[in-house]
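# Structural characterization, general
The chain contents come next:
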Amino acid sequence: MHGEAISPMMSDALVILGAAGIVIPLFARFRITPIIGFILVGLLVGPYGLGRAVYEFEWLSHVTITDPERLEPFAEFGIVLLLFTIGLELSFNRLWELRRLVFGLGALELLVIGSLLAAFLSMMGQYWTGALGLGLALAFSSTALVLPIAGTTTPVGRAALSMLLFEDIMIVPIIFMLGALAPYAQADGLTGLFDTIWQGLLVVALMMVIGRFGLPRLFALAARTKSPELFLAASLLVVIGASLATTLTGLSPIVGALIAGLLIAETEYHTEVEGIIEPFKGLALGIFLITVGMGIDLTTIWANLWSILAAVMGVLTLKAMVTGILLRLMGARRATATETGILMASPSETTLIVLAAATQAMLIQPGTAQFWQIVTAIGLTITPLLAKLGKHMGRRVEPLPALHEAGLNDGEPRVIVIGLGRVGRLVAQMLTTHGKAYVAIESDSDLIDRARRDGYTAVFGNASRGDMLDKLGVDKCPAVILTMDEHVIAQRMVRNLRAAHPDLPIIARARDTNHATELYKSGATVAVPETLESSLQLSEAVLVELGVAMGPVIASIHEKRDEFRERIQQEAQLEHKPKLRTSQAEG
C-alpha cells in the first residue's frame, strides 16, 4: 500500500522539485550555471542512470524517472515560456531593426551549415534525402540555452537572437519538406505547406490586431484587482492561447509565444508580467534540461566513444567556423564573431524534433537517429563550457588594451569606479566635470568596448579579485565607488575592502534602505539608496504640482528622509546618522 501511495506523476514532480532545490543554490554557490546541474541530474535519475536499478531496488522508483516521455509536455512548455519572456524583452521596433540580420545572417547560417553538413554526410554514404534531413537538423542551435547565456542586448546576444529567430521560423517548413521527401509521400505535401503558411499568416495578423486593442484592457482589469494570482492567470492565458492558435494552423507553438511576448512588451504591464513568469520559466526550463540528461546513455557512448567524439568535434568545429566567418563578412568585430560562433556551435533541442520527423518519414534509420541524438545531447550539455571558451577566445583574437595602454601609468591616484552601467557612467562623467581622475573597472567586455569608444577611462577585469584592485592602486586611491546592482556581491566587496583598507572611503549604491543598512554593517562609508531618493523626488514634484507651497514640501521631505536615517542608524548600529544624500546640508 505504501508503494502505491504516490502516483508516478507525483513522484516525478517531487524528483524535479527536489532537483531544482538542490541544483540552483548549489551551483549558484560555486558560480556555475545550473544548466549543467540539471543535465547531470537527468543523467543520474533517468532510465540510463539509477533508473536501471529500479527492478533490483524498488525504493529507487521514488527518486528516479523511468519514463522520460511523461516529462516531454512540461519540457515543451518550458521552451514556450522561454520564447514568451524573450518576446517581453523585445519590441516590434527592435525586431524590425533586426530584420537584416534575421533574414540575412539567419538564413545564410542555416542554409550554409545545413548544406555543408548534408554534403559531408552524403559523402560518408548517407542517402541524399537522409543527409539533407540530418544536415538541417544539426544546423539548428539551442534557443533554450544560448539566449539565457548571451542575453539579447549585447552584440553577441543580438547576433545569436537573429539567427535563432530565423531557425524558429523555419522549423515547420523544414518538417513539411522532410515529409514531402519521404518515400511514401503524397502529392499534396506541398499543398499542405502552402495552406499552413497562409493560415499561419492570417492567425498572426489576427493576434496582432486583437493584442493591440485587447491586451491593455485585459491587464488593466487584472491590475485593478491587485491580485498577483489573477495577473499570473491572465499572463498564462495569453501565452497558452497564442501558442494553441499557431499550433492549430500547423505552425510551431513557440512562434505564438514569441508574438504574445512582443504584444505584451508594447503595453505598460510588461515588467509585471516578466517578473511573475520568470520563476515558472526557470523551473520549466529545468525540466527540459533534465529530459536532455535522460537521453544520454553512457554505455552506448562508451561503446561508440571515438565515432561519437569525432561527430561532436566535427559538428562543433564546422558550425563555429561558418558562423564566425559569416558574422565577419557582415561586419561584426573579430571578438563578437569568434564568441558567437563558438556559442552557437552545439546542436539544439529542435535538432531532436527534426531528427524524429526525419525518422518518421523513413529518411534515416532509427539507429542513425539514436547516434545523432546522443551527439546532440552531448552538445547541449557542453554549451555552457562553449560559452566560456567563446569568451576566452574572443579576448584572445581581439585583446582589450592593457592597463598601461589605457593611460594609467602616470602614477596619479585615481578614484576607482566599479561597474560601468548607466550609474557608473554618470558618476564617471561627474568626476571628469570636476577634474577628478578616475578609472572604471567592468567585467562585461561589450560595455568596456562601448565605454572606451565614448572616451571613458576603463579597464576590463573582475573587481571581486583583490589583485585586480591592487593593480589599479587601491591602496592610495581617494575613494572606491561601487555602482553595480548585485546586492550580495556589493556587500561582499565592501566587507573585503574594509578589512583590507580600514581608512578607505567606500561609497556604494544601494537598492533601498534595507540594502543600505546591510552595506553600512559591511563597512561602507556612504550607502545611497536609489529607490528612496527617486520616491522622495517624485513626491516633491507631485506636491508642488498640486499647489502645496515649496517651503512645507521641502520640510516634509527632509523630515521623511530623517526618519529613514534614524532607522538605518539604529539597525546598522552606527554612531551617527548616515548621509542619504551627498549634500553637506544633509550632514
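A brief look at the structure comes next. All of these numbers come straight from a predicted model, not from anything done at the bench.

## Observations regarding the overall build of the protein
Counting its regular elements, the protein contains 25 helices and six strands. Per-residue burial for the protein yields a buried fraction of 47% across its 587 residues. Taking as baseline every contact in the protein between residues at least 6 positions apart, the subset at least 24 positions apart corresponds to 69%. Element-wise, carbon and sulfur atoms account for 63% of the exposed surface of the protein, whose accessible area totals about 29,300 Å².

## Focus on the packing of aromatic side chains
Considering all chains together, one arrives at three aromatic pairs under this definition. Plain terms: the ring middles of Y127 and W128 are 6.4 Å apart, the flat faces sit at 50° to each other, and that makes the pair tilted.

## Some details on helix α16 (residues 349-360)
Taking 1.5 Å of rise per residue, the twelve residues of α16 would be expected to cover 16 Å, and the 17 Å separating its terminal C-alpha atoms lies within 8% of that figure. Downstream of α16 by one or two residues, M362 has phi in the positive range, about 65°.

## Observations concerning the environment of D168
Secondary-structure assignment places D168 in helix α8 (residues 155-181). As a C-alpha pair, D168 and V255 span 87 residues in sequence and 7.2 Å in three-dimensional space. In contact with D168, other than residues within four places in its own chain, are L83, T143, I254 and V255.

## Re the side chain of T129
Relative to the assigned elements, T129 resides in helix α6 (residues 128-139). Assessed through its relative accessible area of 8%, T129 is described here as buried. Not counting residues up to four positions away in its chain, the partners in contact with T129 are L181 and L363.

## Description of the packing of helix α10 (residues 228-248) against helix α11 (residues 253-265)
Contact geometry for α10 and α11: axes closest at 7 Å, N-to-C directions at 135°. One finds that α10 runs oblique with respect to α11. Once α10 is placed against α11, the crossing between them reads as right-handed. Contacts between α10 and α11 involve V238, V239, A242, S243, T246 and T247 on the former and, on the latter, P253, V255, G256, A257, A260 and I264. Partitioning the contact of α10 with α11 into residue classes produces eight nonpolar, four polar and no charged.

## Examining the sheet that holds strand β3 (residues 458-460)
One open sheet holds the six strands; their spatial order is β3-β2-β1-β4-β5-β6, and the pairing between them is parallel. One side of each edge strand has no neighbouring strand; the edge strands of this open sheet are β3 and β6 (526-529). Geometrically, the sheet is characterised by an average inter-axis angle of 20° between neighbouring strands, direction not taken into account. Inspection of the sheet shows strand β5 (residues 506-510) paired to β6 by four bridges, in the parallel sense. If you follow A508 over to β6, its bridge partner there is A527.

## Structural notes on the pattern of salt bridges
Within this structure, the stated rule accounts for two salt bridges. Ionic pairing is found between K391 and E339, a salt bridge with its closest N-O pair at 3.5 Å. On the criterion of sequence distance, the pair formed by K391 in helix α18 (residues 383-397) and E339 in helix α15 (residues 334-343) is long-range, its members being 52 residues apart. The partly exposed category is assigned to K391, whose relative accessible area is 38%. Take E339: its relative accessible area is 13%, and that puts it in the buried class.

Scoring rules and cut-offs
- Note that residues are indexed from 1 along each chain, following the sequence as it is written.
- Where totals are concerned, whole chains, interfaces and linings use all residues; where local detail is concerned, this predicted model gives features only for residues with pLDDT of at least 70, and gives and counts side-chain atom pairs only at 80 or more.
- The side-chain values count all of the structure's non-hydrogen atoms but skip hydrogen atoms and water molecules.
- Here a helix means four or more residues in a row that DSSP labels H or I, a strand means two or more in a row labelled E, and each is numbered from the N terminus.
- Note on classification: 1.4 Å probe, protein chains only; a residue is buried when its accessible area is under 20% of the maximum for its type, exposed when over 50%, partly exposed between these limits.
- Contacts are assigned to residue pairs that have any heavy atoms within 4.5 Å of one another.
- Here the Shrake-Rupley method, with its probe set to 1.4 Å, supplies the accessible areas, and only the displayed protein chains count as covering residues.
- Pairs were defined over the aromatic rings of Phe, Tyr and Trp, the Trp ring being its six-membered one, requiring ring centres within 6.5 Å. Orientation was assigned from the angle between planes: stacked under 30 degrees, edge-to-face over 60, tilted for the rest.
- How far a helix is expected to stretch is found by multiplying one less than its residue total by 1.5 Å.
- Here, axes are lines fitted to C-alpha atoms. For helices the fit covers the stretch in contact, and angles between N-to-C directions go from 0 to 180 degrees.
- Reported orientations rely on four angle classes, namely roughly parallel under 35 degrees, roughly antiparallel over 145, roughly perpendicular from 65 to 115, and oblique for the rest.
- Throughout, a crossing is termed right-handed when the near helix is turned clockwise from the far one, and left-handed when it is turned anticlockwise from it by less than a right angle.
- Classification used: nonpolar for Ala, Val, Leu, Ile, Met, Phe, Trp, Tyr, Cys and Pro, charged for Asp, Glu, Lys and Arg, polar for all others including Gly.
- Here, any two strands with at least 2 DSSP bridges between them count as paired.
- Each reported salt bridge corresponds to a side-chain nitrogen of Lys or Arg within 4 Å of a carboxyl oxygen of Asp or Glu.

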